[in-house]
Structures are given as structure tokens and as C-alpha cells.
Amino acid sequence: MGGSSQTEVNRAEVDGVQLQTVEQRLAAGSDMKARTAANISPEKRKVIEDLLRKGQGVVRTAIDTGSSAGTVAIIRDQLLEREPELFKRHMLGTLQHLANKTAATIERGLSQLEQQEVKPSQIPGLSVALGIIIDKSQVLAGEPAVSVVEHRVKVDPDAVKEALLRLTQRPEADVIDVTASSTAV
């Protein structure tokens, strides 16, 4: 019984196309080469960059231009390296969008508390997230960040005991009996 060897299987042809192992494709460097960001036409690259500059997301840009999200992400990263201010504008837009969605979710949650569609325990977490998003968007916009100053008071138990003892050991002259009846003549 003459079975095919692994070498023969690797070189087998299907409908005139030679099958290759993964190692062979990688060694040849042709695996998905035609679909990389390096091979995008300058015209298509410009369209992608223009959409990204306008604040459009990676997935929407990929759909609109017929590119893969990975290719658009690579072009976006290259664009952000060349134009660092674009990153701030892009991130600011994203944070503002998130802030609006979070605020709407909190508002909807508060109105739906009676129907128990949103758990009351979810509202504080969303509120904290909204505060963080707003703070970070202010930083990106160049506005002064909100700072929180926390004051902590440490209570000394020994000092409290002493104060209570002083109060209980007051002389009788300082005490006024409000329960005694007075007889005025």
C-alpha cells in the first residue's frame, strides 16, 4: 500500500493551485501581503485619513472604504504619530460621546428604579465613571481639572475620654436643675 508522504501532500495541487504549508507561506512572505496598509493606494489612504481626521471610528471607516479594520487601525496609528494633536481631538470626541451615553444611562436608570429594571447599586458606579470621563475630557481639552480636597480628622480616643470625664465631674454649682418646681411668691 503506497500512501502519500507528507512531502507529496504539501506539494499537492488542487485545481491548478499548489497547496503550501504555513511555514512555506510565511517564508515566502506573501501571506496577506496584498491586503496590508503598506499596499493601500495613496488615494484610498487619503480618504481613510480624512475620515479619521473628522473623528469617524475605525470600524465605520473600514466599512465605508472597503478596507479591513486592521488596515484602518494601522493607518490611524501612523496618522496619530505624525499628528499628535489629532489624538487629543479624537480622544476628546470619544470621551464626550461616552459621557453623553453614560449620563443618558444614569438618567434612564433613575427613572426606571421604580420598575426595578436598573438596580440601585448600579447608579453610583455609573456616576463615578461619568465623573472620571468628564475629568479626563477636561484635561484633554486643556481646561483645568477638577481637584478634590479631602480633609481627614483623626479622633484620639483618650482625648474623648478625658473630655467626657471633665464634663461628668463638673461642680454642682454649674448644674441647673430644670425639673425642680419653683415657687414664686
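The structure presented is a predicted model; accordingly, all values stated were derived computationally and were not measured.

Colleague: Before we go on, may I ask you to explain the pattern of salt bridges in this structure?
Modeller: Where charged atoms from two side chains of opposite charge come close, those side chains can pair. Within the structure shown, the criterion is met by eight salt bridges. A salt bridge links D64 to R60; its shortest N-O distance comes to 3.4 Å. Linking D64 with R60, this pair stays in helix α4 (residues 58-65), spanning four residues, or about one helical turn. On the basis of relative accessibility, which here comes to 44%, the residue D64 falls in the partly exposed class. Each of K46, E49, D50, R53, R82 and E83 takes part in one network of salt bridges that share partners.

Colleague: Got a minute to help me understand the environment of Q138 in this structure?
Modeller: Looking at the element boundaries, Q138 is found in helix α7 (residues 122-140). Along the sequence, Q138 and Q96 sit 42 residues apart, while their C-alpha atoms lie 9.7 Å from each other.

Colleague: Hey, could you run me through a nonpolar patch on the surface in this one?
Modeller: Taken together, the side chains of V153, V155, V160, L164 and L167 define a hydrophobic patch exposed on the protein surface, amounting to about 510 Å² of accessible area. Within the element layout of this structure, L164 appears in helix α8 (residues 157-168).

Colleague: Sorry if this is basic, but what is going on with the confidence of the model for the protein chain here?
Modeller: Keep in mind that low pLDDT regions are not for reading the predicted coordinates in detail. Model confidence for the protein chain is summarised by a mean pLDDT of 75, while 68% of its residues fall at 70 or above. For the stretch residues 6-11, pLDDT sits under 50, and the model shows seven contacts to residues farther than four places along the chain or on other chains.

Colleague: Teacher, can you tell me more about the environment of R82 here?
Modeller: Mapped onto the elements of the fold, R82 is located in helix α5 (residues 69-82). Overall, R82 belongs to the partly exposed group, its relative accessible area being 48%.

Colleague: What am I meant to see in the environment of K54 here?
Modeller: Counting through the fold element by element, K54 comes out in the loop between α3 (42-53) and α4. Given a relative accessible area of 71%, K54 falls into the exposed group. As for K54 and L86, which are separated by 32 residues in sequence, their C-alpha atoms are 9.6 Å apart.

Colleague: Please explain the side chain of E49 as it appears in this structure.
Modeller: Tracing the chain through its elements places E49 in helix α3. What E49 contacts, discounting residues up to four positions off in sequence, is I75, L79 and R82.

Colleague: Mind showing me how you'd approach the nonpolar core here?
Modeller: A general tendency of soluble globular proteins is for nonpolar side chains to be buried together. Within the largest apolar cluster, eleven residues are counted, these being I40, I48, L52, V58, A62, V72, A73, I75, L79, L80 and L86. Counting residues per element, the ones that place at least two in this core are α3, α4 and α5. Residue contributions to this core peak at five residues, all from α5.

Colleague: How should I be thinking about helix α6 (residues 84-111) in this particular structure?
Modeller: The end-to-end C-alpha distance of α6 is 41 Å, a good match for the 40 Å that 28 residues give at a rise of 1.5 Å each. Turning to α6, its buried residues number three or more, namely L86, L92, L95, A99, T102, I106 and G109. Residues of α6 that are buried make contact with α3, α5 and α7.

What counts and what doesn't
Residues numbered from 1 in each chain as written. Predicted model: local features only at pLDDT ≥ 70, side-chain atom pairs only at ≥ 80, totals over all residues. Heavy atoms only, no water. Salt bridge = Lys/Arg side-chain N within 4 Å of Asp/Glu carboxyl O. Helix = DSSP H or I, 4+ residues; strand = E, 2+ residues; numbered from the N terminus. Buried < 20%, exposed > 50% of the residue type's maximum accessible area, 1.4 Å probe, protein only. Patch = residues over 30% accessible without salt bridge, like charges linked within 9 Å, V, L, I, M, F, W, Y side chains within 5 Å. Areas by Shrake-Rupley, 256 points an atom, 1.4 Å probe, with all protein chains shown as cover. pLDDT = per-residue confidence, 0-100. Contact = heavy atoms within 4.5 Å. Core = buried A, V, L, I, M, F, W, Y, C linked by side-chain atoms within 4.5 Å. Expected span 1.5 Å × (residues − 1).

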